[in-house]
Amino acid sequence: MDVRGWAFDVFRLQTELVQFIRAEILERGPQPFAWFMEQALYHPEHGYYSSDRAAIGRRGDYFTNVSVGPLFGELLAVQFAEIWERLGGIDNFAIVEQGAHHGEFARDVLQLTQRRCPEFFAVLRYQIVEPFPKLQAQQTQTLTEFGERVQWRKSLDELEPFVGVHFSNELLDAMPINLRDKVVGLKEDQFVFVGLANEQITNQSQLDWTQRVASRLQRGVVLIFDYGFPGSEFHEVVQVRAQHQQFDLPFEQIGEADITAHINWTDIAEAGEKSGLRLAGFTDQHHFLTGIISAFPEIIASEKSKRALQTLLHPEMLGRSFQVLGLVKDVDLAVPFSGFRFARQPRAVLGL
């Protein structure tokens, strides 16, 4: 690899993105943080995600559940199968995933389902909502063995109404949000936060997304893995990460670093209920995965699986960092799903 050429290309792309953002602020004045975050992450040519520069894993920018290996997808696969059974073993069951990155989670789910639950696999359709061509190309390559069983849509609006599960892992935290009393301006050609009363709802993109998912789900479950706080504990936390380093401000390595924000779980649950969904459960990842394992202990059969499980469950690693919210439509909740069997009363935790 020509490292010097690669470094120059990265510098050039980042410079073009920075110049674009700077020119927009000079022309239009200080801009909401949501607009800045959208350009940094999703600019069609130079955004961190849209350009497929987002790197996940030990050698990447950050570590997430899928980085541990196939166990996370395998555990969710048996939870999906349980949901399918709860819905009556229907003939046309969809798993819809957003934020699929390179498709590893989908591959792990489908491989386990094909091997362990052939009846479920036979009626399963897997759909990935992916607006960015570079990411879809990577996903297509990862999922080649499953052929037409996997389909793609560019947006939720293109998705046909479905019965099944909508799944996301670290999706909402990367949606552009506004910050209270702060917009992005310039000072001596450098990006700075400018104090300004902001009356907009800070997480409007997340609330709009919840409503759109609810409108597409005819019957089934929405499962959201992410990190944040219930409303009573919520405070704004914006994280900027590259190569496992955390930066103080989002104006460093624009287009080269991940920018995320902790979410307000109570807001998401309320938006879901306003859109016709019901709260099925809320807990941390440790308790959610422990619930699945208690129902399907045979999943943890190898030493490799046991080591991966330690990372997924450990409170100082991923077990307490992530929370899981479940929302349902037209599903009997007399018996909780396995993932929520050890959860506390969700309405009390979320302050609903």
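Here, every reference points to the structure presented above.
Residues numbered from 1 in each chain as written. Predicted model: local features only at pLDDT ≥ 70, side-chain atom pairs only at ≥ 80, totals over all residues. Heavy atoms only, no water.

1. Some words on the sheet that holds strand S7 (residues 190–195)
The antiparallel open sheet is built from three strands, whose spatial order is S1-S6-S7. The strands lining the two open edges of the sheet, one partner per strand, are strand S1 (31–32) and S7. Strand direction decides the pairing type here: strand S6 (residues 182–187) and S7, joined by six bridges, are antiparallel. Counterpart to Lys187 in the pairing with S7 is Gln190. (Pairing = 2+ DSSP bridges. Helix = DSSP H or I, 4+ residues; strand = E, 2+ residues; numbered from the N terminus.)

2. A word on the layout of surface pockets
Reported here for the largest pocket is a volume of approximately 1,100 Å³. Contributions of two or more residues to the lining of the largest pocket are made by helix H2 (33–42), strand S2 (93–98), helix H4 (104–116), strand S5 (162–169) and helix H7 (204–216). Here the residues of the lining of the largest pocket sort into 22 nonpolar, 13 polar and 10 charged. (1 Å grid on protein atoms, 1.4 Å probe; cavity = no way out; pocket = protein on both sides within 12 Å on 5 of 7 lines; lining within 4 Å. Points joined across faces, edges and corners; volume = space filled by probe spheres on them. Nonpolar A, V, L, I, M, F, W, Y, C, P; charged D, E, K, R; others polar.)

3. A short note on the pattern of salt bridges
Scanning the entire structure with this criterion turns up 10 salt bridges. In this structure, Arg115 and Glu74 form a salt bridge, with 3.9 Å as the shortest nitrogen-oxygen distance. Residue Arg115 is found in helix H4, and its partner Glu74 is found in helix H3 (residues 71–86); the two are separated by 41 residues along the sequence. Under the relative-accessibility criterion, Arg115 is labelled exposed at 56%. (Salt bridge = Lys/Arg side-chain N within 4 Å of Asp/Glu carboxyl O. Buried < 20%, exposed > 50% of the residue type's maximum accessible area, 1.4 Å probe, protein only.)

4. Things to note about the side chain of Asp226
Relative to the elements of secondary structure, Asp226 occurs in strand S8 (residues 217–226). Buried within the structure, Asp226 lacks any salt-bridge partner; Arg241 is the closest side chain of opposite charge, at an N-O distance of 8.0 Å. In this structure, Asp226 is in contact with Glu170, Leu171, Leu172, Asp173, Ile263, Trp265, Ser321, Phe322 and Gln323, ignoring residues within four places of it in sequence. (Lys, Arg positive; Asp, Glu negative; His and termini not counted. Contact = heavy atoms within 4.5 Å.)

5. Description of the nonpolar core
Grouped together as the largest cluster of nonpolar side chains are 53 residues, with contacts concentrated most on Leu76 and Phe80. Considering each element in turn, this core owes the most residues, 10 residues, to H3. Setting aside residues up to four positions removed in sequence, Leu76 forms contacts with Phe105, Phe167, Leu223, Phe225, Phe288 and Leu289. Counting residues in hydrophobic clusters, the runner-up holds 28 residues, among them Val129, Leu207, Ile263 and Val349. (Core = buried A, V, L, I, M, F, W, Y, C linked by side-chain atoms within 4.5 Å.)

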